[in-house]
Amino acid sequence: MNLRKYKSLVFDCDGVVLNSNPIKTISFRKALASYGEEAVNKFVHYHKANGGISRYKKIRYFLSDIAPKYSSVMDGEKEVELLLKYNDICKKALLQSEIAPGLEELRNLSLNANWLIVSGGDQSELREVFNYKKINRFFDGGIFGSPDDKEKILRREIANGCIKQPSLFIGDSRLDHEVSSENGLDFVFVSEWTDFEDYELYCQKNSILVINSIFELLDFLKA
């Protein structure tokens, strides 16, 4: 892969830039604990199988498709209450999450490309966490997340010229590959921290380059 040819590098956050997939799972477990272990386990299975989808959609799915089978307590404010609980638990843990090794060196070796975050995570939370960790400065193209979904963000940033072609999406989920392919971005899969259990078969079937971590991208720039 000729990494130097890309004018834009688009990164997912969870499992790519930050080792935060386990944090999201644990935070959901704590926020939904009152519904019981069986309901939470069903949701976690759904959550891991649908990486890259926003917490807003996931909580709505939980309340509409899982919770009614285990609890009769439903009201209009439940979604807001669960989101607030989840947000509070999650953000505190994200502030302490591990940053991908080699990120700053990669930024220094790819100054010809602008960098963006396109994540299913909450946009305001992402910006706060990245600012706290002092890595927001790497992403000169912007840090974007939900409530807008990845498809909408990519289309918008391509249309306004922020994502320049050729471009590369660096992700760790099926959704990352799907939305990048639909919008004309090349794709590389980062495996070390992914929640996608069947990624090896999926990547082989779709002829996707798999790297263990962002650190391996340095080899493509140093060669």
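Preceding block: the structure.
Rules used in this analysis
Residues numbered from 1 in each chain as written. Predicted model: local features only at pLDDT ≥ 70, side-chain atom pairs only at ≥ 80, totals over all residues. Heavy atoms only, no water. 1 Å grid on protein atoms, 1.4 Å probe; cavity = no way out; pocket = protein on both sides within 12 Å on 5 of 7 lines; lining within 4 Å. Points joined across faces, edges and corners; volume = space filled by probe spheres on them. Helix = DSSP H or I, 4+ residues; strand = E, 2+ residues; numbered from the N terminus. Nonpolar A, V, L, I, M, F, W, Y, C, P; charged D, E, K, R; others polar. Phe/Tyr/Trp six-rings, centres within 6.5 Å; stacked < 30°, edge-to-face > 60°. Buried < 20%, exposed > 50% of the residue type's maximum accessible area, 1.4 Å probe, protein only. Lys NZ or Arg CZ within 6 Å of the ring centre and 35° of its normal. Disulfide = S-S within 2.5 Å. Core = buried A, V, L, I, M, F, W, Y, C linked by side-chain atoms within 4.5 Å. Contact = heavy atoms within 4.5 Å.

Chemist: Before we move on, could you go through the layout of surface pockets and cite the residues and values that matter?
Modeler: The space that makes up the largest pocket amounts to roughly 550 Å³. Around the largest pocket, the lining is made up of 31 residues, and of these His47, Lys48, Asn50, Gly51 and Gly52 lie nearest the centre. Elements supplying a minimum of two residues to the lining of the largest pocket: helix 1 (21-31), helix 2 (37-49), helix 3 (55-66), strand 2 (114-122) and helix 8 (174-182). If one sorts the elements of the lining of the largest pocket by residue count, helix 2 sits on top with 4 residues. Among the residues forming the lining of the largest pocket, the class breakdown is 6 nonpolar, 12 polar and 13 charged.

Chemist: Please give an account of the packing of aromatic side chains that cites residues and values.
Modeler: One pass over the structure, following the stated rule, counts 16 aromatic pairs. Relative to Phe138, the ring of Trp115 has its centre 6.5 Å away and its plane inclined at 70°; by these criteria the two rings are edge-to-face. In this pair, Trp115 is assigned in strand 2 and Phe138 in the loop between helix 6 (123-132) and strand 3 (142-146), connecting sequence segments 23 residues apart. Taking 6.3 Å as the distance between ring centres and 55° as the angle between the ring planes, the aromatic pair formed by Phe189 and Phe196 counts as tilted. Residue Phe189 is classed as buried on the basis of its relative accessible area, which comes to 0%. In this structure an aromatic cluster arises from ring pairing among Phe28, Tyr35, Phe43, Tyr46, Tyr61, Phe62 and Tyr86. Across from the ring centre of Phe144, 5.1 Å away, lies the NZ or CZ of Arg156, which sits over that ring.

Chemist: Break down the state of the cysteines for me, citing the residues and quoting the values.
Modeler: Using the criterion set out here, one finds 0 disulfides in the structure. Cys13 takes part in no disulfide bond, and the closest cysteine sulfur, belonging to Cys90, lies 9.6 Å away. Judged by its relative accessible area of 1%, Cys13 is buried. On the basis of relative accessibility, which here comes to 0%, the residue Cys90 falls in the buried class.

Chemist: Requested: an account of the nonpolar core, with residues and values cited.
Modeler: One finds Phe11, Val17, Phe62, Leu106, Ile117, Phe130 and Phe139 to be the most contacted residues of the largest nonpolar core, which totals 52 residues. If near-sequence neighbours (up to four positions away) are discounted, Phe11 is found in contact with Val16, Val17, Leu106, Trp115, Leu116, Ile117, Val118, Phe139, Ile170 and Ile214. The next biggest cluster of nonpolar side chains, apart from the first, holds 18 residues, and it includes Val10, Ile153, Ile163 and Cys203.

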